[in-house]
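Chain residues, written in single-letter form:
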Amino acid sequence: MCFELTHCTVHVRLFDVFRPLSISDATTLCLGTTAGDIMSQLIRCLESNMNSAGPTIIVGDWNCPNIDWELMMPPSEQCQKLLYDFVVFNGMRQFVHEPTRKDNILDLVLTDDDMSISNITVSPPFGNSDQNTVNIELLCSVTSRDAVSDSDIRNGDRKMFFVEARKLPTNVRISNVI
């Protein structure tokens, strides 16, 4: 999923990615497609849709536990190496430094602008999830300071959520993104 925050003084493009655990390097999917092929397609899609007018932020569950983000050590698995190379070659940085499932960092927050996010925290799982929750604070100055009505958001009106999200005040906080 991708959406753009257009009421910020600089447009912020936000991607939410999920790569299923069952897709490993050894898996050959229908018609001879491999997990590496799928990761390559995902990376090409992200690269062709990176924001040239402002920050790009990519969040999600990548299920790539073998990348050492602290030491910036690439893994040997092809799929995970593709993700690592994408991050390095696009000048991005990964911000989650605590395990999000068991001892692994599976949920990532990537951006090409370090000043666009802050206060990254890992919290206990939400609901019945077996993964911790990653919270981030998006930093952007908005062009409109209209008040947000959250009654429709609480009732699950997704369309209204995105309409109202465009009106958020200066320090936009989106919790439980992942």
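Residues numbered from 1 in each chain as written. Predicted model: local features only at pLDDT ≥ 70, side-chain atom pairs only at ≥ 80, totals over all residues. Heavy atoms only, no water.

Participant: A description of the sheet that holds strand E3 (residues 56-61) should follow, citing residues and the corresponding values.
Facilitator: One open sheet holds the five strands; their spatial order is E1-E2-E3-E5-E4, and the pairing between them is mixed. The sheet is open, and its two borders are formed by strand E1 (2-5) and strand E4 (93-94), each paired with just one other strand. (Pairing = 2+ DSSP bridges. Helix = DSSP H or I, 4+ residues; strand = E, 2+ residues; numbered from the N terminus.)

Participant: Before we move on, could you go through the packing of aromatic side chains and cite the residues and values that matter?
Facilitator: Enumeration over the complete set of coordinates arrives at one aromatic pair. Between Trp69 and Tyr84, the aromatic rings sit 6.4 Å apart at their centres with planes inclined by 40°, giving tilted as the arrangement. In this pair, Trp69 is assigned in the loop between E3 and helix H2 (78-89) and Tyr84 in helix H2, connecting sequence segments 15 residues apart. Each of the two residues, Trp69 as well as Tyr84, counts as buried. (Phe/Tyr/Trp six-rings, centres within 6.5 Å; stacked < 30°, edge-to-face > 60°. Buried < 20%, exposed > 50% of the residue type's maximum accessible area, 1.4 Å probe, protein only.)

Participant: Give a description of unusual backbone geometry that names residues and reports values.
Facilitator: Its identity as a non-glycine residue notwithstanding, Asn63 has a phi of 50°, on the positive side. Residue Asn63 is classed as buried on the basis of its relative accessible area, which comes to 7%. Even without glycine at this site, Met72 takes up a positive phi of about 55°. Along the polypeptide, Met72 turns up in the loop between E3 and H2. Its relative accessible area of 32% is what places Met72 among the partly exposed residues.

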